[in-house]
Amino acid sequence: MNTYKTPYIIAEIGCNHKGDMQIAKELIQMAKIFCQVDAVKFQKRHNKELLTEEQYNSPHPNPSNSYGDTYGAHREYLEFDVHQHQELKDFCEEIGIDYSTSVWDVTSAKEIASLHPKFIKIPSACNNNVKMLEWLCNNYDGELHISTGMTTKDEIEDLVQLFKKHNRNKDLVLYNCTSGYPVPFEDVCLLDINLLIEKYGSDVKHIGFSGHHLGIAVDVAAYTLGANVIERHYTLDRTWKGTDHAASLEPMGLRKLSRDLNAVHKALTFKSQDILPIEQVQRDKLKNQKG
Ligand SMILES: C=C(OP(=O)(O)O)C(=O)O
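Thresholds applied
Residues numbered from 1 in each chain as written. Predicted model: local features only at pLDDT ≥ 70, side-chain atom pairs only at ≥ 80, totals over all residues. Heavy atoms only, no water. Helix = DSSP H or I, 4+ residues; strand = E, 2+ residues; numbered from the N terminus. Rg over C-alpha atoms; globule rule 2.2 N^0.38 Å. Buried < 20%, exposed > 50% of the residue type's maximum accessible area, 1.4 Å probe, protein only. Contact = heavy atoms within 4.5 Å. Areas by Shrake-Rupley, 256 points an atom, 1.4 Å probe, with all protein chains shown as cover. Lys, Arg positive; Asp, Glu negative; His and termini not counted. Charge placed at Lys NZ, Arg CZ, Asp CG, Glu CD. UniProt positions renumbered as here; feature names shortened; annotations may be inferred. Pairing = 2+ DSSP bridges. Axes fitted to C-alpha atoms, helices over the stretch in contact; angles between N-to-C directions. 1 Å grid on protein atoms, 1.4 Å probe; cavity = no way out; pocket = protein on both sides within 12 Å on 5 of 7 lines; lining within 4 Å. Points joined across faces, edges and corners; volume = space filled by probe spheres on them. Nonpolar A, V, L, I, M, F, W, Y, C, P; charged D, E, K, R; others polar. Right-handed = clockwise from strand over helix to strand, strands pointing away. Near = heavy atom within 4 Å. Polar contact = N/O pair within 3.5 Å; in protein donor to acceptor, adjacent residues only side chain to side chain. Sits in = over half its atoms within 2 Å of the grid points.

**Some remarks on the overall build of the chain**
Now for step 1: Within the chain, the secondary structure is distributed over 13 helices and eight strands.
Now for step 2: Computed over C-alpha atoms, the radius of gyration of the chain comes to 21 Å, within 12% of the 19 Å expected from 2.2 N^0.38 for 291 residues, which places it in the range of a compact globule.
Now for step 3: With the C-alpha coordinates of the chain rotated into their principal frame, the extents come out at 85 × 45 × 40 Å.
Now for step 4: Buried residues in the chain amount to 48% of all 291 residues.
Now for step 5: In the chain, the proportion of contacts linking residues at least 24 apart, taken out of those at least 6 apart, comes to 68%.
Now for step 6: Only carbon and sulfur atoms are counted for the fraction: they give 52% of the accessible area of the chain, which is about 14,300 Å².
Now for step 7: Positive and negative side-chain charges of the chain, numbering 33 and 40 respectively, have mean locations separated by a distance of 8 Å.

**Regarding the UniProt feature "domain: PseI/NeuA/B-like" (unreviewed entry) in the chain**
Now for step 1: Using the residue numbers shown here, the UniProt feature "domain: PseI/NeuA/B-like" (unreviewed entry) corresponds to residues 27-270.
Now for step 2: A distance of 37 Å separates the end C-alpha atoms of residues 27-270, which is 44% helix and 16% strand.

**Observations regarding the sheet that holds strand S3 (residues 98-103)**
Now for step 1: One closed barrel accounts for eight strands, arranged S1-S2-S3-S4-S5-S6-S7-S8; its pairing is parallel. Neighbouring strand axes in the sheet, compared pairwise and without regard to direction, differ in orientation by 25 degrees on average.
Now for step 2: Its contacts with the sheet place helix H8 (residues 153-165) against strand S5 (143-147) and strand S6 (172-177), and it is angled at close to 170 degrees to S6.

**Here's the deal with the layout of surface pockets**
Now for step 1: By volume, the largest pocket is sized at about 780 Å³.
Now for step 2: At the level of secondary structure, the elements contributing two or more residues to the lining of the largest pocket comprise strand S2 (39-44), helix H4 (71-77), strand S8 (229-233) and helix H11 (243-246).
Now for step 3: Its residues placed into classes, the lining of the largest pocket shows 13 nonpolar, 17 polar and eight charged.
Now for step 4: Of the pockets and cavities examined, the second largest pocket occupies roughly 280 Å³.

**Structural notes on the pairing of S8**
On any regular strand, side chains alternate: one points to one face of the sheet, the next to the other face.
Now for step 1: Burial within S8 is extensive, with five of its five residues counted as buried.
Now for step 2: Neither face of S8 is left uncovered, since the one carrying Val229, Glu231 and His233 and the one carrying Ile230 and Arg232 both have all their residues buried.
Now for step 3: Taken together, the five bridges between strand S1 (residues 8-14) and S8 define a ladder with parallel strand orientation. Residue pairing in the sheet places isoleucine 9 in a bridge with isoleucine 230 of S8.
Now for step 4: Two elements, strand S7 (residues 206-211) and S8, share four bridges in a ladder whose sense is parallel. Residue pairing across strands places serine 210 opposite glutamate 231, the latter belonging to S8.
Now for step 5: Taken together, S7, helix H10 (residues 217-225) and S8 constitute a β-α-β crossover, and its handedness is right-handed.

**Details of the site of the ligand**
Now for step 1: Taken together, 13 residues lie near the ligand, and Ser102, Lys121, Ser124, Ser147 and Ser210 sit nearest.
Now for step 2: The contact in question runs from an oxygen atom of the ligand to an N or O atom on the side chain of serine 102, over 2.7 Å.
Now for step 3: Protein coverage of the free-state accessible area of the ligand, which is 290 Å², stands at 96%.
Now for step 4: More than half of the atoms belonging to the ligand lie within 2 Å of the grid points that define the largest pocket.

This is the structure we're talking about:
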């Protein structure tokens, strides 16, 4: 009997489409057909609502990664509007993969909720936006996935209590996350998954893991510890400019991750009988030898 929950794998496209719908659709198609994952995820921001005027008008802190003269212009370049998100969701439905988006401000939350995706994500950076969390709890009835990078244990407790207050904790997926691009292995702190499970496993729908490390071994360990929703950044080319690309998996890496998670899911069982049929053949042959 398999007691482990089936892994649900999310390809985090984020802004790795470079503001280009064709690239976004190519990423979706590869995620479904080649990588065989369950969902793709984007990001939605209203930059003038999210950023201060000063942040909006300042140059990108790392100009070589910038798509505009200011940080605001850079962010706008990478932004799809709600109609484009509708088109991407329709495209996902056509090819049979779940669509989702993380929302970074109240206006984005309202726009994306109007598309009725299966789930909406609240990134680590915005899990303290109580106004947005309250709005989503009251107005959106799908799953709410929340990442907990850059978040204290007390703040996580407050988050879960907010969901309980709204009777929405059973729609909550709580992700372990370290925010960094990429995250060195010693900062992944995977055993915090155990703490989330111990404290909140029975209160929430699932425990997840949002990884920003290199390679795919860590995600398999996260799943084995009990995080069954696994999200990884995903791009067509890790050398494209921007920190997210460098901390992403390319299609071959994501395909291997999907293969490995599904293999480990199958393997995480107890023997259903002392000697399995596959072993009986070997037992008859190898345990009946003379010496
Ligand atoms: C930044 C995001 O997530 P995380 O906090 O999990 O990295 C996101 O989903 O947009």
